[in-house]
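# Survey of secondary and tertiary structure
Each chain is listed here by its residues.
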Amino acid sequence: MTKSARHLLAILALLCIVGEFLSLPDGALCESPDPYAATRQRMVLHQLRARDITDPKVLKVMGTVKRHLFVSPSRASQAYADHPLPIGEGQTISQPYIVALMTQILDVKPGEKVLEIGTGSGYQAAVLSHFTDHVWSIEIRKGLAENASKRLKALSYDKIRVKHGDGYYGWLEYAPFDTIMVTAAANHVSPSLLDQLKMGGRLLIPLGSTTYYQTLTKITKTPKGNEVEHLLGVVFVPMVGKILEE
Ligand code: SAH
């Protein structure tokens, strides 16, 4: 390599670092290694901004997290489409809009403790981890829990803790939580999850029939009791385990 070629490469590398430092979109100052950067920005524009996702941080994070790395390589080209996708074992990763909407509703602040029930691919946990360093997630299917755990580590999401277990019982060791997000359909709210919610804390859950559709429901724990808001119709895969015995 000639000296001038070396100089050129050094300048290009520097531009990439500057772009990263300024949090510019992928490929803004350097040739991006991410083949889906533009597709992801289009998803943010047409599926999120065009609907009711207005929180700038949610829009930024949805434009940052590489969703195509949370599905199998054969489905990567569909990762930013406006629908859920299979992730193995009959389970699905929610459509981008629903992930963004649930994140916007939960409104996690820096330093808050979040518990997710239903790790699945790990995508929602990754999104949440851009809002706080304290994210715990429970997955009942061992294979999915192990894969999500490995994937999150490989992508440097080191602070997210994933456990294989039944989320119905919550995660007592790290309770109480400021927010709990359930990403599987349930016909009732587990009393353990409500117990593990801080006073003033928010819990979001697709509540209703586990075979048809559910209503995304937000519960806020207050000294006067639980405030319940029914938000919109959704379809999630069912929560399994202990909940089916209750
Ligand atoms: N949030 C996930 C998608 C969730 S799909 C993502 O971002 O990819 C729902 C997940 O909930 C499935 O992986 C399913 O195995 C899991 N699940 C079902 N019942 C559960 C339970 N009782 N405890 C923990 N996880 C459960």
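Residues numbered from 1 in each chain as written. Predicted model: local features only at pLDDT ≥ 70, side-chain atom pairs only at ≥ 80, totals over all residues. Heavy atoms only, no water.

## Points about the site of the ligand
The local shell around the ligand holds 26 residues, among which S121, E139, R141, G167 and V240 are the closest. Calculation on the ligand without its partners gives an accessible area of 580 Å², and the protein chains cover 99% of this total. Secondary-structure elements contributing two or more residues to the shell around the ligand are β2 (91-93), β3 (113-117), α5 (123-128) and β4 (134-139). The dominant element in the shell around the ligand, judged by the number of residues it contributes, is β2, at 3 residues. A class-by-class count of the residues in the shell around the ligand yields 11 nonpolar, 11 polar and 4 charged. (Near = heavy atom within 4 Å. Areas by Shrake-Rupley, 256 points an atom, 1.4 Å probe, with all protein chains shown as cover. Helix = DSSP H or I, 4+ residues; strand = E, 2+ residues; numbered from the N terminus. Nonpolar A, V, L, I, M, F, W, Y, C, P; charged D, E, K, R; others polar.)

## Some points on the sheet that holds strand β7 (residues 197-208)
Backbone-to-backbone hydrogen bonds pair the strands of a sheet. The strands run either parallel or antiparallel. Taken in spatial order, the 7 strands of this open sheet run β5-β4-β3-β6-β7-β8-β9, and their pairing is mixed. At either margin of the open sheet sits one strand with a lone partner, and together these are β5 (161-164) and β9 (225-234). Direction aside, the axes of adjacent strands within the sheet are offset by 15° on average. When β4 meets β5, the two strands line up parallel, connected through 4 bridges. The residue bridging E139 from the neighbouring strand is H164, located in β5. Of the strands in this sheet, β4 and β5 are in contact with helix α6 (residues 142-154), which crosses β5 at around 165°. (Pairing = 2+ DSSP bridges. Axes fitted to C-alpha atoms, helices over the stretch in contact; angles between N-to-C directions. Contact = heavy atoms within 4.5 Å.)

## Focus: the pairing of strand β6 (residues 177-182)
The buried fraction of β6 amounts to 6 of the 6 residues, a majority that puts the element mostly inside the structure. Inspection of the sheet shows β3 paired to β6 by 4 bridges, in the parallel sense. Within β6, the position partnered with E116 by the bridge is M181. Taken together, the 4 bridges between β6 and β7 define a ladder with parallel strand orientation. Within β7, the position partnered with M181 by the bridge is L204. (Buried < 20%, exposed > 50% of the residue type's maximum accessible area, 1.4 Å probe, protein only.)

## Quick notes on the packing of aromatic side chains
The full count for this structure, using the stated rule, is 6 aromatic pairs. Here W171 and Y174 contribute two aromatic rings whose centre-to-centre distance is 5.4 Å and whose plane-to-plane angle is 75°, an arrangement assigned as edge-to-face. You can call W171 buried: its relative accessible area is 8%. A network of ring pairs unites the aromatic residues W136, W171, Y174 and F177 as a single cluster. (Phe/Tyr/Trp six-rings, centres within 6.5 Å; stacked < 30°, edge-to-face > 60°.)

## Regarding a nonpolar patch on the surface
Nonpolar side chains collect at one region of the surface, where Y212, Y213 and V235 lie side by side and expose about 430 Å² of accessible area between them. Turning to its location among the elements, Y213 is positioned in the loop between β7 and β8 (214-222). (Patch = residues over 30% accessible without salt bridge, like charges linked within 9 Å, V, L, I, M, F, W, Y side chains within 5 Å. Salt bridge = Lys/Arg side-chain N within 4 Å of Asp/Glu carboxyl O.)

## A short note on the environment of Q91
For Q91, the position within the fold is in strand β2. Sequence spacing of Q91 and V237 is 146 residues, and the spatial spacing of their C-alpha atoms is 6.6 Å. Those residues in contact with Q91 that sit more than four places away from it in its chain are L85, P86, R141, L144 and V237. Here the side chain of Q91 touches E89 through a polar contact of 3.0 Å, landing on its backbone oxygen. A polar atom in the side chain of Q91 sits 3.4 Å from the side chain of R141. (Polar contact = N/O pair within 3.5 Å; in protein donor to acceptor, adjacent residues only side chain to side chain.)

## Re unusual backbone geometry
Here the bond from A175 into P176 is cis, since omega is 0°, no more than 30 degrees from zero. Structurally, the position occupied by P176 is in the loop between β5 and β6. A positive phi is found at E89, a non-glycine position, where the angle reads about 55°. The phi angle at D107 is positive, at roughly 50°, despite the residue not being glycine. Here D107 lies in the loop between α4 (96-106) and β3.

## Quick notes on the nonpolar core
Counting residues in hydrophobic clusters, the biggest one holds 43 residues, and the most contacted among them are L48, I53, M62, V65, F70, Y123 and V127. Looking at this core, the elements with two or more residues in it are α2 (37-49), α3 (56-62), β1 (85-88), α4 and α5. Looking at this core element by element, the count peaks at 7 residues for α4. Setting aside residues no more than four positions away along its own chain, L48 makes contact with M43, I53, L59, M62, P96, Y97 and A100. (Core = buried A, V, L, I, M, F, W, Y, C linked by side-chain atoms within 4.5 Å.)

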